[in-house]
Amino acid sequence: MNNTLSVLILGGTGYLGGSVLVELTKRHPEARFVTLVRNPADNAAFEPFGVEVVNGTHSDLALIERLASEHDVVVNTADADTLALTKAILTGMEKRARDRPDALRKPILIHTSGTGVLSKDADGVFHSDKIYDDAIVEDTKGIPAEAFHRNVDLEILTAGKTGLIDAYIVAPCTIYGKSRGPLPRLSIQINGVIRLALRRKELVQVGPSTNVWTSLHIDDLCNFYALLFDHALSGNDKSTDPYERFYWASGEEFVWGDVTKELAKLLYAAGAIETATPRSITVQEEPGLLVACSNARAVSNRGPKTFGWKIQGPSLWEVLPKEVDWTIAEFKAKAST
């Protein structure tokens, strides 16, 4: 039996997945890494990192199931909402467990959810006095079944009860900072708001924008995944409840309205929009603002207690001017093609 650690990364072409992939290859040069790539033109970007490429899509469920059955660890950073994809991953991993009862370790899944699972009332108003703590199992169990991402999370938590695989869920918050992945990417939420402003020539927000989220630098998040990866491989995880393997990856809280005000000033100073004052609209007028008008409050206590994770990266406020510059450059590059 080949004892070389084999790792499948889903989402390696993305902002988060690419960054996590690069981090893991640095820390585990002895391992074999494989990622799924839709466009063969992107294959060469992974060669410098020694990553093997399989061309295909996440809709090819038979391929996903086969790949999941061939690896010791599956890290899914690609999709938090497609249940069919998750079932294919789990089926493949469970097959591997049954086919290799004498293996050194159970197959390990690290799945990416998000603090969006806590979001509701997309009206730009502060509604949430509750702060969810991942060290309190009852908090995690109390998330409604109908919540965003939750059907997928519950499928994984249920699979964790079978004992065939070790399943972990990481739920990141608003991520910022420059991707370190093979393909250049920007994040979704902050940069999405900036892109809308560039398109509309004004910075818009939903309602009063008093809603609250948490933020985390991409480097801190990559470190989180790497530490969890090592913890999962160590064999020292003594948790008995699958809900004890659910982790928030959250940092400093922020009010979205404070961010939109700062972004408006920065964009106006750059000559990219026509006024330095954000304008309030409804999410129905601009559905792209759905990512920035709810509340999602969570605290990461399990990671620090379990594997010593610490936040070390720059704050959101330090990086916002760069996010504006990067997004303007991206916008101009796309406009010229």
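Only a predicted model underlies this, so the values are computations on that prediction, with no experimental measurement involved. (Residues numbered from 1 in each chain as written. Predicted model: local features only at pLDDT ≥ 70, side-chain atom pairs only at ≥ 80, totals over all residues. Heavy atoms only, no water.)

Grouped together as the largest cluster of nonpolar side chains are 63 residues, with contacts concentrated most on Ile89, Trp248 and Leu267. For Ile89, the residues in contact, after removing those within four places along its chain, are Leu10, Ile64, Ala68, Val74, Asn76 and Leu109. Membership of the second largest hydrophobic core comes to 37 residues, among which are Leu5, Ile9, Ile110 and Leu233. (Core = buried A, V, L, I, M, F, W, Y, C linked by side-chain atoms within 4.5 Å. Buried < 20%, exposed > 50% of the residue type's maximum accessible area, 1.4 Å probe, protein only. Contact = heavy atoms within 4.5 Å.)

Here three strands make up an open sheet; going across it, the order is β8-β10-β12 and the pairing mixed. The two strands at the open ends of the sheet, each matched to only one other strand, are β8 (174-176) and β12 (253-255). Between one strand and the next, the sheet's axes are offset by a mean angle of 45°, whatever the strand orientation. As paired elements, β8 and strand β10 (residues 212-217) share three bridges and run parallel to each other. Paired with Thr174 across the strands is Ser215, a residue of β10. (Pairing = 2+ DSSP bridges. Helix = DSSP H or I, 4+ residues; strand = E, 2+ residues; numbered from the N terminus. Axes fitted to C-alpha atoms, helices over the stretch in contact; angles between N-to-C directions.)

Taken as a whole and assessed by the stated rule, the structure comprises six aromatic pairs. Plain terms: the ring middles of Phe224 and Tyr247 are 6.0 Å apart, the flat faces sit at 80° to each other, and that makes the pair edge-to-face. Residue Phe224 is located in helix α7 (residues 218-234), and its partner Tyr247 is located in strand β11 (residues 246-249); the two are separated by 23 residues in the primary sequence. The same class applies to Phe224 and to Tyr247, which are both buried. Taken together, a centroid distance of 4.9 Å and an interplanar angle of 75° make the contact between Phe224 and Trp309 edge-to-face. On the criterion of sequence distance, the pair formed by Phe224 in helix α7 and Trp309 in the loop between α9 (302-307) and α10 (316-335) is long-range, its members being 85 residues apart. Residue Phe224 shares its accessibility class with Trp309, and that shared class is buried. Among the aromatic side chains, those forming a connected cluster through ring pairs are Phe224, Tyr247, Phe307 and Trp309. (Phe/Tyr/Trp six-rings, centres within 6.5 Å; stacked < 30°, edge-to-face > 60°.)

Two elements in contact, helix α8 (residues 256-269) and α10, have axes separated by 10 Å at closest approach and are oriented at 50°. When the axes of α8 and α10 are compared, the pair comes out oblique. For the crossing formed where α8 meets α10, the hand is right-handed. On the side of α8, the interface is formed by Asp258, Val259, Glu262, Leu263, Leu266 and Leu267, while α10 contributes Leu316, Trp317, Leu320, Pro321, Val324 and Ile328. Taken together, the residues that form the contact of α8 with α10 break down as 10 nonpolar, no polar and two charged. (Parallel < 35°, antiparallel > 145°, perpendicular 65-115°, else oblique. Left-handed = near helix turned anticlockwise from the far one by under 90°. Nonpolar A, V, L, I, M, F, W, Y, C, P; charged D, E, K, R; others polar.)

Here we come to empty space enclosed by the protein. According to the stated counting rule, one finds one cavity of 30 Å³ or more in the structure shown. Of the volumes computed, that of the largest cavity is approximately 30 Å³. Surrounding the largest cavity, Val193, Gln205, Val206, Thr260, Leu289, Ala292 and Cys293 form its lining. Across the lining of the largest cavity, the residue classes break down as five nonpolar, two polar and no charged. (1 Å grid on protein atoms, 1.4 Å probe; cavity = no way out; pocket = protein on both sides within 12 Å on 5 of 7 lines; lining within 4 Å. Points joined across faces, edges and corners; volume = space filled by probe spheres on them.)

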